[in-house]
Amino acid sequence: MSDTQTRVLFVKRPVGWVDETSFAVVREPVPEPGPADVLVRNLYLSVDPYLRGRMAGAFREGDVMVARGVGEVVASGHERWKPGDLVWGFLGWEQYTVIRRGEGLYPVDASLGVPISYYLDVLGMPGLTAWVGVHVLGRPEPGETVFVSSAAGAVGSIAGQLARLAGARAVGSAGSEAKVRHVVDVLGFDDCLDYKAEPSLPAALRRTCPAGIDVYFENVGGPLLEAVLGHMNPLGRLPVCGLISGYNATEDPGVKGFAHILGKRLTVTGFSIYDHMWRFEAWQPRMAELLTSGRIVYHEDVWEGVEQAPAAFIGMLRGDSLGKRVLRVG
Ligand SMILES: NC(=O)c1ccc[n+]([C@@H]2O[C@H](COP(=O)([O-])OP(=O)(O)OC[C@H]3O[C@@H](n4cnc5c(N)ncnc54)[C@H](OP(=O)(O)O)[C@@H]3O)[C@@H](O)[C@H]2O)c1
């Protein structure tokens, strides 16, 4: 093990679109763990949209970028963990992370027969997010129509497949022809529209969702949300998972069509997956079974090297990722 490591620091709070000047890639000594700490060698790191929100407030300039990751314990003073254990938790965009007193680490079960990086996506936070949005909040009935935005992405790709398994008709939106093909041909959605290419979003929704929309799994906000509100069926449900179209905005974009919520008696529910982590233990084996039986398919978009994290992150926010973007740490 080398004495130094590559780390990605957060160095400048962005205003508007984040760019590479918000990050610094540095070589620094690998920190010494304290007597009760755990030293983790990071294997896979997650590239998530929510980090943009943390850069607006929670992250301190000069600190390493904190992100979810999967790693291997290399030294431990904590009785729960020993060298060689595979773990996941909040690590950092770096090669080694010291976890104080081992807090917030969870085991990775390598015997499940799926890649260990899946703990960052389909068997982790994005997978549970899709499950909660569909089964706890959206609750589609057989034959209903579920519309999913960012359908080629980490959360959306699972949400649509879960909706189909529940007997609903799943329709997605995505930002390129290649993504649209992936959503229909690989993920098995019933239809998908390219929101960037459609001349009229209301007309595209009428074409792809002729019976209206009963559940809208909301990932993006903006003009698509406004068009969907006009096409919702009475008593429809909108689990609001994310609003990525506004994450780099300098002003609140607002929402037109709010009156549809009253007129159609819609239920709009914002949710955070961190309120649902108690479901994790019971949910994960069920999702693993759906994966290993082939009823859910999943795509990862793997980049190599922690130093690539800023470009991977900025590109993902701009739409160049397919499925879940993760970094394999060199
Ligand atoms: N509530 C929670 O607890 C929770 C948990 C996890 C994730 N989320 C949210 O869920 C959403 C999806 O997250 P994810 O991890 O699955 O990311 P993702 O969908 O894999 O990646 C982000 C995608 O967003 C799309 N996008 C970017 N700008 C857009 C715009 N202006 N309009 C429409 N689409 C745009 C891009 O795809 P296109 O090419 O299709 O544009 C991009 O590939 C995000 O909003 C995220 O913040 C919420």
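The shown structure was predicted, so the numbers you read here are calculated from the model rather than taken from an experiment.

> Could you clarify how one ought to interpret the domain arrangement of the protein chain in this entry?
The parts lose accessible area when they come together, and the size of an interface is often stated as this lost area. Along its sequence, the protein chain is carved into domain 1 (4-121 + 298-328) and domain 2 (125-274). Spacing between the C-alpha centres of domain 1 and domain 2 amounts to 29 Å. Taken together, the contact pairs 23 residues of domain 1 with 16 residues of domain 2. Summed over both sides, the interface of domain 1 with domain 2 buries roughly 1,500 Å², with 60% coming from carbon and sulfur.

> Explain the pattern of salt bridges to me, please; I cannot follow it from the model alone.
Two side chains of opposite charge can pair, provided their charged atoms sit close to one another. Counted according to the given criterion, the structure contains 18 salt bridges. Between Lys324 and Asp48 there is a salt bridge, with the nearest N and O atoms lying 2.5 Å from each other. Taken together, the residues Lys324 in strand S15 (residues 324-328) and Asp48 in the loop between strand S3 (38-46) and helix H1 (50-56) connect sequence positions 276 residues apart. Comparing Lys324 with Asp48, the two get one shared label, buried. Here Glu304 ties to Arg328 by a salt bridge, and the two come within 2.5 Å at their closest N and O atoms. Residue Glu304 is found in strand S14 (residues 300-304), and its partner Arg328 is found in strand S15; the two are separated by 24 residues along the sequence. By relative accessible area, which is 45% here, Glu304 ends up partly exposed. Within the structure, one salt-bridge network assembled from shared partners comprises Arg7, Glu28 and Glu94.

> So what exactly am I meant to see when it comes to the pairing of strand S10 (residues 191-194) here?
For a regular strand, side chains alternate in direction, first toward one face of the sheet and then toward the other. Pairing of strand S9 (residues 169-174) with S10, which is carried by four bridges, proceeds in the parallel orientation. Within S10, the position partnered with Gly172 by the bridge is Cys192.

> I keep staring at the site of the ligand and nothing clicks. Help me out?
Lining the immediate environment of the ligand, one finds 27 residues, of which Ser150, Lys179, Tyr195, Tyr247 and Ile273 sit closest. Note that a nitrogen atom of the ligand is positioned 2.9 Å from one of the backbone N or O atoms of Cys241. A distance of 2.7 Å separates an oxygen atom of the ligand from a polar backbone atom of Ile273. Protein contacts shield 89% of the accessible area of the ligand, which totals 920 Å² for the unbound molecule. When residues of the shell around the ligand are traced back to their parent elements, those giving at least two are helix H2 (125-138), helix H3 (154-165) and helix H9 (309-318). Taken together, the residues that form the shell around the ligand break down as 15 nonpolar, eleven polar and one charged.

> Explain a nonpolar patch on the surface here, please?
On the surface, Val66, Phe90 and Tyr274 cluster together into a nonpolar patch covering about 230 Å² of accessible area. Here Tyr274 falls in the partly exposed class, since its relative accessible area comes to 36%.

> Honestly, H9 in this entry has me stumped. Any pointers?
One turn of an α-helix holds 3.6 residues; hence residues three or four places apart share an orientation. For H9, the tally of buried residues reaches eight of ten residues, placing the bulk of the element in the interior. Within H9, the full set of buried residues consists of Ala309, Pro310, Ala312, Phe313, Ile314, Gly315, Met316 and Leu317. Against strand S1 (4-10), strand S2 (23-29), H1, S14 and S15 lie the buried residues of H9. Within two residues after H9, Gly319 carries a phi angle of roughly 105 degrees, on the positive side.

> Just to check I follow, could you spell out the side chain of Lys264 for this structure?
Note that Lys264 resides in the loop between helix H7 (259-263) and strand S13 (267-270). Buried and unpaired, Lys264 has Asp214 as its nearest opposite-charge partner, separated by 10 Å. Of the polar contacts made by the side chain of Lys264, one reaches the backbone oxygen of Met232; its length is 3.0 Å.

Rules used throughout
Position labels on residues start from 1 in each chain and follow its written sequence. Confidence filtering applies because this is a predicted model: local features only for residues at pLDDT of at least 70, side-chain atom pairs given and counted only at 80 or more, and all residues used for totals across whole chains, interfaces and linings. The side-chain figures draw on all heavy atoms in the structure; neither hydrogens nor water molecules are used. The domain boundaries here were taken from an automatic or database domain assignment. Should any heavy atoms of two residues lie within 4.5 Å, those residues are considered in contact. Computed with a 1.4 Å rolling probe, the buried area is the accessible surface lost when two parts are put together, summed over both parts. Any carboxyl oxygen of Asp or Glu that lies within 4 Å of a side-chain nitrogen of Lys or Arg is treated as forming a salt bridge with it. Starting at the N terminus, helices and strands are each numbered in turn, a helix being any DSSP run of H or I of at least four residues and a strand any DSSP run of E of at least two. Whether a residue is buried, partly exposed or exposed follows from its accessible area with a 1.4 Å probe, protein chains only, as a fraction of its type maximum: under 20%, in between, or over 50%, in that order. One requirement defines pairing of two strands: DSSP has to find at least two bridges between them. Nearness is judged by heavy atoms alone; a residue qualifies as near a molecule or strand once a single heavy atom is within 4 Å of it. Under this definition, polar contacts are N or O atom pairs within 3.5 Å; protein pairs additionally need one hydrogen-donor-capable and one acceptor-capable atom, and for neighbouring residues in sequence, both atoms have to be side-chain atoms. What sets the accessible areas is the Shrake-Rupley method with a 1.4 Å probe; for residues, cover comes only from the shown protein chains. Asp, Glu, Lys and Arg are counted as charged, while Ala, Val, Leu, Ile, Met, Phe, Trp, Tyr, Cys and Pro are counted as nonpolar; the rest, among them Gly, fall into the polar class. Think of a patch as exposed residues, more than 30% relative accessible area, with no salt bridge, where like charges cluster within 9 Å and nonpolar side chains (Val, Leu, Ile, Met, Phe, Trp, Tyr) cluster within 5 Å. Two residue types count as positive, namely Lys and Arg, and two as negative, namely Asp and Glu; His and chain ends fall outside the count.

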